[in-house]
Amino acid sequence: MCFKEDLFDYQVLNLTDKFYSDYPDPPYEEILKKNSRPYNCLSVQSHYGYFICIPYRSHINHKQAFKFKKSIRSKRTNSGLDYSKIVIIKNSEYISTTEAIVDKDEFNETRDNIEYIKKDAQKYIDNYVDYLMGKTTKYDKRELCAQTKGG
């Protein structure tokens, strides 16, 4: 199921078994998979020609996320979209065509803030790439360094 006029603007999906087979844990332990089930992801098509997959998570204890504020679950558990676990996908075979189920209030909050989330996620990616290329400020490096260590 797609949302917005653009066919692949954003969707809530899972990554496929093929993705998890091609990127197993180990060595890709930072990619989320819980008890043999993939996480639900907000999949956004980038204007650079790839998909940004941002996992929905129940417990986020850092700033690199869009945290929900309106759902009952978010008030108990700090739920949101976790930028530190973003997966960038070029191969569309890695993205399931089956719609994933997420909390209705959290989906509505995602939909209401989709433009902000897309820009914020792209900014996170751009900052991370700059960090890897040695182009960020000390403040940005400290923040991103904590993320690369499992932060």
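One can find the structure itself at the top, above this paragraph.
What you see is a predicted model; the values in this text were computed from it and never measured.

Parameters at a glance
Within any chain, residue numbers begin from 1 and follow the written order of that chain's sequence. Where local features are concerned, this predicted model is filtered to residues with pLDDT of at least 70; where side-chain atom pairs are given and counted, the filter is 80 or more; whole-chain, interface and lining totals use all residues. Side-chain descriptors were evaluated using all non-hydrogen atoms of the structure, hydrogens and water having been removed beforehand. A run of H or I in DSSP counts as a helix once it spans at least four residues, and a run of E counts as a strand once it spans at least two, with each numbered from the N terminus. Only protein chains enter the area calculation, which uses a 1.4 Å probe; residues under 20% of their type maximum are buried, those over 50% are exposed, and those in between are partly exposed. We call two residues contacting when some pair of their heavy atoms lies within 4.5 Å. Every patch collects residues that have over 30% relative accessible area and no salt bridge, joining them within 9 Å if they carry like charges and within 5 Å if they are nonpolar side chains (Val, Leu, Ile, Met, Phe, Trp, Tyr). Surface exposure here means Shrake-Rupley accessible area, sampled with a 1.4 Å probe, where a residue is shielded only by the protein chains that are shown. The salt bridge definition used is simple: a Lys or Arg side-chain nitrogen within 4 Å of an Asp or Glu carboxyl oxygen. Side-chain atoms within 4.5 Å link the members of a nonpolar core, which is a set of buried Ala, Val, Leu, Ile, Met, Phe, Trp, Tyr and Cys residues. Take the number of residues in a helix, subtract one, and multiply by 1.5 Å to get its expected span. Think of a 1 Å grid over just the protein atoms. A cavity is a set of points where a 1.4 Å probe fits yet cannot get out, a pocket is an open set with protein on both sides within 12 Å along at least five of seven lines, and lining residues have an atom within 4 Å of a point. Grid points are joined across faces, edges and corners, and a volume is the space filled by probe spheres set on the points. Ten residues, namely Ala, Val, Leu, Ile, Met, Phe, Trp, Tyr, Cys and Pro, are considered nonpolar, four, namely Asp, Glu, Lys and Arg, are considered charged, and the remaining ones, Gly among them, are considered polar.

Caption draft 1: Focus on the overall build of the chain. Counting its secondary structure elements, the chain contains five helices and eight strands. Buried residues in the chain amount to 43% of all 151 residues. Taking as baseline every contact in the chain between residues at least 6 positions apart, the subset at least 24 positions apart corresponds to 61%.

Caption draft 2: Expanded view of a nonpolar patch on the surface. A cluster of nonpolar side chains, namely V129, L132 and M133, defines an oily patch on the protein surface of about 300 Å² accessible area. Mapping L132 onto the fold places it in helix α4 (residues 114–132). Residue class for L132 comes out exposed when judged on its relative accessible area of 57%.

Caption draft 3: Highlighting the nonpolar core. With 21 residues, the main nonpolar core has L42, I54, L81, Y83 and I86 as its most contacted residues. When residues in this core are grouped by element, the largest group, five residues, is from α4. Dropping the residues within four chain positions of it, I54 is found in contact with N40, C41, L42, L81, D82, Y83, I86, I117 and A121. In terms of nonpolar packing, the next biggest core, distinct from the first, is built from 11 residues, L13, L15, F19 and Y94 among them.

Caption draft 4: Summary view of α4. For α4, spanning 19 residues, the distance from its first C-alpha to its last is 27 Å, which sits close to the expected 27 Å at 1.5 Å a residue. If you check which residues of α4 are buried, you get I114, I117, K118, D120, A121, Q122, Y124 and I125.

Caption draft 5: Examining empty space enclosed by the protein more closely. Per the counting criterion, the structure on display carries one cavity of 30 Å³ or more. The calculated volume of the largest cavity comes to roughly 50 Å³. Every residue lining the largest cavity is listed: L15, Y20, I31, L32, Y39, C41, C53, P55, K85 and V87. When the residues that make up the lining of the largest cavity are grouped by side-chain class, the tally is nine nonpolar, no polar and one charged.

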